[in-house]
Amino acid sequence: MNQILTAALAAAGRGWPVFMLGRSKRPVANCDACRVATDHDPASCGHLTCHGFYAASAHPARVTANVDAVPRGQLAVRTGAVSGLLVVDVDPAHGGTKSMTDLLNEGLLPRTLRVVTGSGGQHLYYAHPGQHVPSRPMPGRPGIDIKADGGYVVLPPSLHHRTGLPYRWATVNGSAVSEMPPALIAECLPPAPAKPSTPQTSSTTTQPGGGISCPDKLLAAHLDAVRRAAKGKRRATLYGAARGVARMVAAGAIDQADAVTALTFVGHQAAQSDREIRAAIAGGFRDEGIAA
Ligand SMILES: [Zn+2]
Ligand SMILES: [Zn+2]
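Since we're looking at a predicted model, the values are computed, not measured.

Caption draft 1: Spotlight on the packing of helix α7 (residues 234-250) against helix α8 (residues 256-269). Relative to each other, α7 and α8 sit at 160°, their axes nearing to 10 Å. The orientation of α7 with respect to α8, classified from their angle, is roughly antiparallel. Here the hand of the crossing between α7 and α8 comes out right-handed. Here L238, A241, A242, V245 and V249 of α7 lie close against α8, whose contacting residues are Q256, A259, L263, V266 and G267. By residue class, the composition of the contact of α7 with α8 is 8 nonpolar, 2 polar and no charged.

Caption draft 2: Quick peek at helix α3 (residues 60-69). Among the residues making up α3, those that are buried are V63, N66 and V67. Buried positions in α3, seen along its axis, are confined to an arc of 100° and lie on one side of it. Projecting away from the buried face of α3 at angles above 90 degrees are the exposed residues A61 and D68. Buried positions along α3 lie against α1 (3-13) and β1 (18-21).

Caption draft 3: Representation of the coordination of the zinc ion (ligand 2) within the structure. The coordination sphere of the zinc ion (ligand 2) contains the protein donors C34 (SG), H40 (NE2), C45 (SG) and H51 (NE2), at a distance range of 2.1 to 2.2 Å. One can describe the donor arrangement at the zinc ion (ligand 2) as tetrahedral, given that its 4 donor atoms subtend angles of 97 to 119° at the metal. When the donors of the zinc ion (ligand 2) are listed by position in the chain, the intervening gaps give C-x5-H-x4-C-x5-H. Classification of C34 as buried rests on a relative accessible area of 6%.

Caption draft 4: Quick look at the packing of aromatic side chains. The tally for this structure, following the rule as stated, stands at 5 aromatic pairs. Between F19 and Y152, the aromatic rings sit 5.4 Å apart at their centres with planes inclined by 85°, giving edge-to-face as the arrangement. Highlighted residues: F19 in strand β1 and Y152 in strand β8 (residues 152-154), separated in sequence by 133 residues. This pair shows no difference in class: F19 is buried, exactly as Y152 is. Within the aromatic cluster, the residues linked to one another by ring pairs are F19, F53, Y54 and Y152.

Caption draft 5: Quick look at the UniProt feature "domain: DNA primase/polymerase bifunctional N-terminal" (unreviewed entry) in the protein. In the UniProt entry, the feature "domain: DNA primase/polymerase bifunctional N-terminal" (unreviewed entry) is given for residues 8-184. Helix makes up 19% of residues 8-184 and strand makes up 20%, while its end C-alpha atoms are separated by 29 Å.

Caption draft 6: Here's a closer look at the pattern of salt bridges. Within this structure, the stated rule accounts for 12 salt bridges. Two residues, R235 and E276, come together in a salt bridge whose shortest N-O distance is 2.9 Å. Here the residue R235 occupies a position in helix α7, and E276 occupies one in helix α9 (residues 274-287), the gap between them amounting to 41 residues. With a relative accessible area of 24%, E276 lands in the partly exposed category. Its salt-bridge partner being R243, residue E288 comes within 2.9 Å of it at the nearest N-O pair. Of this pair, E288 sits in the segment after α9 while R243 sits in helix α7, placing them 45 residues apart in sequence.

Caption draft 7: The arrangement of the domain arrangement of the protein in detail. Its domain assignment divides the protein into domain 1 (1-78), domain 2 (81-191) and domain 3 (215-287). Averaged C-alpha coordinates put domain 2 and domain 3 at centres separated by 23 Å. Counting residues at the interface gives 9 residues for domain 2 and 6 residues for domain 3. Broken down residue by residue, the surface that domain 2 buries against domain 3 is led by H94, D145 and R162, which jointly contribute 53%. Where domain 2 touches domain 3, the interface holds 1 salt bridge.

Caption draft 8: Representation of unusual backbone geometry in the model. Each neighbour pair has its own omega, and for P156 with P157 the value is -5°, a cis peptide bond. Mapped onto the elements of the fold, P157 is located in the loop between β8 and β9 (168-169). Of note, H51 is a non-glycine position whose phi angle comes to about 65°, a positive value. Along the chain, the position of H51 falls in the loop between α2 (32-36) and α3.

Cut-off values and rules
Residues numbered from 1 in each chain as written. Chains lettered and ligands numbered in written order. Predicted model: local features only at pLDDT ≥ 70, side-chain atom pairs only at ≥ 80, totals over all residues. Heavy atoms only, no water. Axes fitted to C-alpha atoms, helices over the stretch in contact; angles between N-to-C directions. Helix = DSSP H or I, 4+ residues; strand = E, 2+ residues; numbered from the N terminus. Parallel < 35°, antiparallel > 145°, perpendicular 65-115°, else oblique. Left-handed = near helix turned anticlockwise from the far one by under 90°. Contact = heavy atoms within 4.5 Å. Nonpolar A, V, L, I, M, F, W, Y, C, P; charged D, E, K, R; others polar. Buried < 20%, exposed > 50% of the residue type's maximum accessible area, 1.4 Å probe, protein only. Arc of directions from axis to C-beta. Donors = N, O, S within 2.8 Å, 3.2 Å for Na, K, Ca; no water. Tetrahedral: all angles 85-135°; square planar, octahedral: opposite > 155°, others 65-115°. Phe/Tyr/Trp six-rings, centres within 6.5 Å; stacked < 30°, edge-to-face > 60°. UniProt positions renumbered as here; feature names shortened; annotations may be inferred. Salt bridge = Lys/Arg side-chain N within 4 Å of Asp/Glu carboxyl O. Domains from an automatic or database assignment. Buried area = accessible area lost by both parts, 1.4 Å probe.

In structure tokens:
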């Protein structure tokens, strides 16, 4: 039996809904019917590989069929309340190692089930706290992403799409998934809502998808962050917004071309050059596993 299938069934055996990504870490393309479907609920569609993480299942027969349907793809587990998982994703390429050290020193990261990613990052698996926790960068902690509701992470022994190296368990697969300390939960929750301003890209079409219940609001929030960024922080903020919007693309909540248009528009509003805008979008999309 192939290793991915063994791993997929083991994960399903823990009650984790799993699904296959393409080799490039992008969700598998929807079938023709789902691509043109309007007024269509991705959560109840039921197609084996359509709608990204909505295809995830912990049912052994379905898991087997899903793995068979995407040979050489990457195995992924859906995070969030649906799987009971919240994963702290440490990206060393963006300062994650220092941020993780800070979090450890502050006692916020108790020992738990852990994966070393194929790019040298780490995934710390915690028990989802129950209330809605959005998937997004952890505020004020560079290089740390929260993968929770509306998210997913790649599971071992998938091969990383750029390095070709496998994701691997750093703790014994089967180790306990620890509870989150209250202070860690607080780090993961959004701050009190700021007064929303009117989105100026209302022509951009968004659709509910990927566990994103209000894509218009989410898109507006990403774009707004760029408009409001202080002068020295605009480039970094645009990159962060590009990553957030790339996740919406991955979840099928927004069309990729529309996403690039909206980000370019707001980049110009924030006085960024074409070159800076292209670099920020390409970098943000690439780091979410999407070719811009
Ligand atoms: Zn379909
Ligand atoms: Zn469908």
